[in-house]
Amino acid sequence: MRPSDFVGNTPFLQISNRIFAKFETYSPSGSVKDRLAKYILDDAERRCLLKPGDMLVEATSGNTGIAFALLAAERGYRIKIIMPSNMSNERKHMLRMLGAELIEVGEGDFDEAIALRDKLASENDWFNTNQFHNPLNIECHFNTTGFEILGHLIAMKQTPAAFVSGTGTGGTIMGVAKRLRGIYPDVKIIAVEPAESPVMSGGEPGLHGIQGIGDGSKFLVDLNQIDEVITVPTEIAKQRTRELIKENGMLVGISSGANVYAAEQWEARNHSKGVIITMLCDRGERYLSCI
């Protein structure tokens, strides 16, 4: 058995009477991005696009890079990661510990990170995992995260009122939305983004502290499939994260705090029957210096 054999099938925790969440900290590298990394590499290996010793390259705020670095170590690949410099030191240390070579670009500059990734992949014939524009990202969450959530709902004999999720690439929210709406066409899909970078709300990208979401573009998000966008200020997300850690014993990251806060806000404004589902995206250890 390998670490990647334990990706997925994460617990479904009850946050409150009506709010439930997938607890992605149980994944080998500690985040939901393990699902994406495994899915993309498994697909590439099936198609004989990779061999041991090959170089992977990705642009990331951290979690996707950590997930790919863990799987690269597991499977004998090399990896270069391009990351905005304002991401947490814990993330950078984890990447280097896993053997990744880290290249930093300007604060919050995901466009520069993506452009440099594409340039290096093209010039050196490296494998570009391409998380921000890869259709496998949506397919992954349709076949894994969404399928698991559907199973939880059926086992609990519950109907979903809403799925609430922060968006980085948009793969999670789009894949889960497609899966749930195939069975529950009336479920509401609620996107979460930082108040300081309200791109989906029609505003401009900006620096914020909710690492992992609000990366400055809609990427894979189809706003026609989104019923509502909720913005959450960084400080409120951090406060809700601290409460989840101290009051619930859930050592989660800042985007989890944003997701839970947004789910609670949606619940307070709506009295729909059914449960509200969200994501506890990653472990809190990688944010100890900034929570």
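Residues numbered from 1 in each chain as written. Predicted model: local features only at pLDDT ≥ 70, side-chain atom pairs only at ≥ 80, totals over all residues. Heavy atoms only, no water.

(A) Spatial organisation of the pairing of strand E7 (residues 160–166). Counting buried residues in E7 gives 7 out of 7 residues, a clear majority hidden from the surface. Pairing of E7 with strand E10 (residues 275–280) involves 3 bridges; the strand directions are parallel. Considered in E10, the bridge of Pro160 is made with Val275. Summarising the sheet, E7 and strand E8 (residues 188–194) pair through 5 bridges and their orientation is parallel. From the neighbouring strand, Phe163 faces E8, where its bridge partner is Ile189. Handedness of the crossover joining E7 and E8 through helix H7 (residues 171–181): right-handed. (Buried < 20%, exposed > 50% of the residue type's maximum accessible area, 1.4 Å probe, protein only. Helix = DSSP H or I, 4+ residues; strand = E, 2+ residues; numbered from the N terminus. Pairing = 2+ DSSP bridges. Right-handed = clockwise from strand over helix to strand, strands pointing away.)

(B) Spatial organisation of the packing of aromatic side chains. Overall, the coordinates contain 4 aromatic pairs when judged by the stated rule. Where Phe110 meets Phe132, the ring centres are 6.3 Å apart and the plane angle is 65 degrees; that geometry is what we call edge-to-face. Residue Phe110 is located in helix H4 (residues 110–124), and its partner Phe132 is located in the loop between strand E6 (127–128) and helix H5 (135–143); the two are separated by 22 residues in the primary sequence. The class for Phe110 is buried, based on a relative accessible area of 5%. With a relative accessible area of 1%, Phe132 lands in the buried category. Of the aromatic side chains, those joined through ring pairs into one cluster are Phe110, Phe132 and Phe219. The ring centre of Phe142 lies 5.2 Å from the NZ or CZ of Lys178, which sits over that ring. Across from the ring centre of Phe142, 3.9 Å away, lies the NZ or CZ of Arg179, which sits over that ring. (Phe/Tyr/Trp six-rings, centres within 6.5 Å; stacked < 30°, edge-to-face > 60°. Lys NZ or Arg CZ within 6 Å of the ring centre and 35° of its normal.)

(C) Just helix H8 (residues 234–248), in detail. The end-to-end C-alpha separation of H8 is 20 Å, in line with the 21 Å expected for 15 residues at 1.5 Å each. Of the residues trailing H8, Gly249 is marked for its positive phi of about 70 degrees. (Expected span 1.5 Å × (residues − 1).)

(D) Region of the structure containing the packing of H5 against H7. Between H5 and H7, whose axes approach to 7 Å, the crossing angle comes to 50 degrees. One element, H5, and the other, H7, form an angle in the oblique class. The interaxial crossing formed by H5 with H7 has right-handed handedness. The segment H5 lies against H7, with Asn137, Ile138, His141, Phe142 and Asn143 engaging Gly171, Thr172, Met174, Gly175, Val176, Lys178 and Arg179. Residues of the contact of H5 with H7, tallied by class, amount to 4 nonpolar, 6 polar and 2 charged. (Axes fitted to C-alpha atoms, helices over the stretch in contact; angles between N-to-C directions. Parallel < 35°, antiparallel > 145°, perpendicular 65-115°, else oblique. Left-handed = near helix turned anticlockwise from the far one by under 90°. Contact = heavy atoms within 4.5 Å. Nonpolar A, V, L, I, M, F, W, Y, C, P; charged D, E, K, R; others polar.)

(E) Seen up close, the sheet that holds E8. What the 6 strands build is an open sheet, ordered E1-E2-E10-E7-E8-E9; its pairing is mixed. Each edge of the open sheet carries a strand with a single partner, namely strand E1 (12–14) and strand E9 (228–232). In this sheet, adjacent strand axes meet at a mean angle of 30 degrees when their direction is disregarded. For strand E2 (residues 19–23) and E10, the ladder comprises 5 bridges, and the chain directions are parallel. Bridging across to E10, Ala21 finds its partner in Thr278.

(F) Layout of unusual backbone geometry. Residue Asn9 is not a glycine yet carries a positive backbone phi of 55 degrees. Note that Asn9 resides in the segment before E1. Positive phi outside glycine occurs at Lys157, with the angle close to 55 degrees. Within the fold, Lys157 resides in the loop between helix H6 (145–156) and E7.

(G) Highlighting the side chain of Asn63. Looking at where Asn63 falls in the secondary structure, it is placed in helix H2 (residues 63–75). Among the polar contacts made by the side chain of Asn63, one reaches the side chain of Arg286 at a distance of 2.6 Å. Apart from the residues within four sequence positions on either side, Asn63 is in contact with Ser31, Lys33, Arg91, Asp282, Arg286 and Tyr287. (Polar contact = N/O pair within 3.5 Å; in protein donor to acceptor, adjacent residues only side chain to side chain.)

(H) Just the environment of Pro11, in detail. Note on placement: Pro11 falls in the segment before E1. Between the C-alpha atom of Pro11 and that of Ile149, which follows or precedes it by 138 residues, the distance is 9.9 Å. Sequence-distant contacts of Pro11, defined by excluding residues within four places in its chain, comprise Ala21, Lys22, Phe23 and Tyr26.

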